[in-house]
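One letter stands for each residue in the lines below.
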Amino acid sequence: MSTGLASEKGSVHVRRALISVSDKAGLIELASALQSLSIEIISTGGTARALREANIPVVDVADITGFPEMLDGRVKTLHPRIHAGILAKRDDPEHQRQLRELGLLPIDLVVINLYPFEATVSKSGVTLEEAIEQIDIGGPSLIRAAAKNFEDVAIVVDPADYTTVSTELQQAQGCLSRACRLHLATKAFAHVARYDALIAAYLERQCGEADEPVLPNLLDLRLVKVKQLRYGENPHQQAALYCDALASEPSVAGAQQLQGKELSFNNLLDLDAAFALSKEFDEPAVVVVKHTNPCGVGIGSRLSEAYQRALSADPISAYGGVLGLNRQVDAETAREIAATFVEAIVAPGYHEAALAILKEKKALRLLLIEPWPGTIPPDRAARELRPIVGGMLVQERDQVDLNPNTLRVMTRREPTDAEMRALRFAWRVAKHVKSNAIVMTNDCATVGIGAGQMSRVDACRLAVMKAISPTRGTVLASDAFFPFRDGVDTAAEAGVTAIIQPGGSIRDAEVIQAADAANIAMVFTGIRHFRH
């Protein structure tokens, strides 16, 4: 019996293959190629049946091990006769002696893909028991064994590699090069690592809040590359989009692009910022984002009204921006959007008439995001990651909204109902503006936004400077406390009538005194919304 020794330096002659796959795509084509090269095929269960139905000779694993599949298929390949055939070193005389004495056959090629755990848990309503049954045991063991012994064995885990492997086998008279085997082994270990990480992440989500910390001691990230981007923030930087397979909420990462130019790194950042803010509102809302900051936000009884208000807030900055909408785009709104230059739009749907209008703008990127049922509850497992040199900062996502019961009016004058509605609107927007952030609004649209300033008073001055509409009668939200009264004095000069801020400065009394002197109502939230 052949030992499968290398036919030339670095190359392995494949004489025997083990195939056990959950995903049968490409199986018959690969097996036919192996058969044409007189490579013996060993297989299990459903894979063996599929091969026999295609008239491809196959040896059952049970015939090799002497044991039938048992425990509802949980045990079939976990046997020394299989693993020894994979792990034996071909150039080790002692290994080869033991194989001969025990009558064991070397296996030179292993083709495995795992139970569909990821596809199972992504379905709505799946039970824990159903998920557990899709945790593969034998498959990862076979993959790790073959990948460890890549000097003598090839491991294939991805049907996308079948053609490459079969082509090389045919061109090299049944041999596979070391470079090919090393590449496949590297991919195999990454495949198993991601598989295990998905299982761990899923089980984490099944734990009660008291059982599992929000920020675990070990954070294993195994994301799937879904798109190579043209470049990163700048043309000299490579970039790609990776997705979290267990993410269940609607997201830009999982959106479908309906038309337009290829999405850029910066497009995706802006679209994510626009969508995140648009879904804060229950009423029709439109957000215009430029360089990850909102430059115009509007709500209304109709989406077109919300868009007009968002655009009017800062039409100069809106030019070439991206839009986030929380309703299906109708024809009326589409006509309004088409009248100016927009880079990209993300929305939970488009009416046919709206698509017909927007598709006339060939370069306009249209993203369709999965509609969400009303208010999206906070996801305790949602984390934000920010890289720093040599490490990663991780935090819970900021999902805190205003609690009316904890608001404190700090001034002599209380805000009117109309001012309170406007303050709530401004506060939601300020949460999504880079710090230091000041947002001036009425009750349905932003008026002036001061973003990313090094001092809060400069953010106030910038918000006033950016305002196109009159600022008299507006309200103001600050993402953090006022360290001095100068920010309030600037707001008073602009005609602001009410302010909402976290409070907590050592000069709160001085700040409140400035508000009282200007007859400004001031509300403390106790919640800071820094966004660096």
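Residues numbered from 1 in each chain as written. Predicted model: local features only at pLDDT ≥ 70, side-chain atom pairs only at ≥ 80, totals over all residues. Heavy atoms only, no water.

Turning next to the sheet that holds strand β4 (residues 59-60). Judged by pairing direction, the sheet is parallel, and its five strands sit side by side in the order β4-β3-β2-β5-β6 without closing on themselves. Strands with a single pairing partner mark the edges of an open sheet, and in this sheet they are β4 and β6 (154-156). As paired elements, strand β5 (residues 109-113) and β6 share three bridges and run parallel to each other. Paired with Val110 across the strands is Ile155, a residue of β6. Against the sheet, helix α2 (residues 45-53) contacts β2 (16-21), β3 (40-43) and β4, and its axis sits at roughly 135 degrees relative to β3. (Pairing = 2+ DSSP bridges. Helix = DSSP H or I, 4+ residues; strand = E, 2+ residues; numbered from the N terminus. Contact = heavy atoms within 4.5 Å. Axes fitted to C-alpha atoms, helices over the stretch in contact; angles between N-to-C directions.)

Before going further, it helps to examine empty space enclosed by the protein. Counted under the stated rule, the structure contains one cavity of 30 Å³ or more. Here the largest cavity is characterised by a volume of approximately 40 Å³. Residue lining of the largest cavity: Glu280, Val400, Asp401, Leu402, Trp427, Arg428, Lys431 and His529, and that is the complete set. Among the residues forming the lining of the largest cavity, the class breakdown is three nonpolar, one polar and four charged. (1 Å grid on protein atoms, 1.4 Å probe; cavity = no way out; pocket = protein on both sides within 12 Å on 5 of 7 lines; lining within 4 Å. Points joined across faces, edges and corners; volume = space filled by probe spheres on them. Nonpolar A, V, L, I, M, F, W, Y, C, P; charged D, E, K, R; others polar.)

Consecutive side chains along a regular strand alternate between the two faces of the sheet. Most of strand β11 (residues 285-290) is tucked away: five of the six residues are buried. Bridging between β11 and strand β12 (residues 293-299) involves six bridges; their strand directions are antiparallel. By the bridge assignment for β12, Val288 is matched with Gly296. The hairpin formed by β11 and β12 contains two residues between the paired strands, and His291 there has a positive phi angle of roughly 55 degrees. Two strands pair when backbone bridges link them, and β11 and strand β13 (residues 321-325) are joined in this way by four bridges, in the antiparallel orientation. In the strand pairing of β13, Val288 is matched with Leu323. (Buried < 20%, exposed > 50% of the residue type's maximum accessible area, 1.4 Å probe, protein only.)

So, on to the sheet that holds strand β15 (residues 365-368). Pairing within the open sheet is mixed, and its six strands lie in the order β10-β15-β14-β13-β11-β12. Where the open sheet ends on each side, the last strands, each with one partner, are β10 (256-259) and β12. Strand after strand, the sheet turns through a mean of 20 degrees between neighbouring axes, direction not considered. Where β10 lies against β15, three bridges are found, and the strand directions are antiparallel. In the sheet register, Gln259 faces β15, and the bridge partner there is Leu366.

Scanning the entire structure with this criterion turns up 21 salt bridges. Residues Asp479 and Arg456 are paired through a salt bridge, measuring 2.7 Å at the closest nitrogen-oxygen approach. Taken together, the residues Asp479 in the loop between β21 (475-478) and α18 (486-494) and Arg456 in helix α17 (residues 456-466) connect sequence positions 23 residues apart. For Asp479, a relative accessible area of 0% gives the class buried. Using a relative accessible area of 6% as the deciding quantity, one classes Arg456 as buried. Linking Arg485 and Asp489 is a salt bridge whose minimum nitrogen-to-oxygen distance equals 3.1 Å. For Arg485, a relative accessible area of 28% translates into the label partly exposed. (Salt bridge = Lys/Arg side-chain N within 4 Å of Asp/Glu carboxyl O.)

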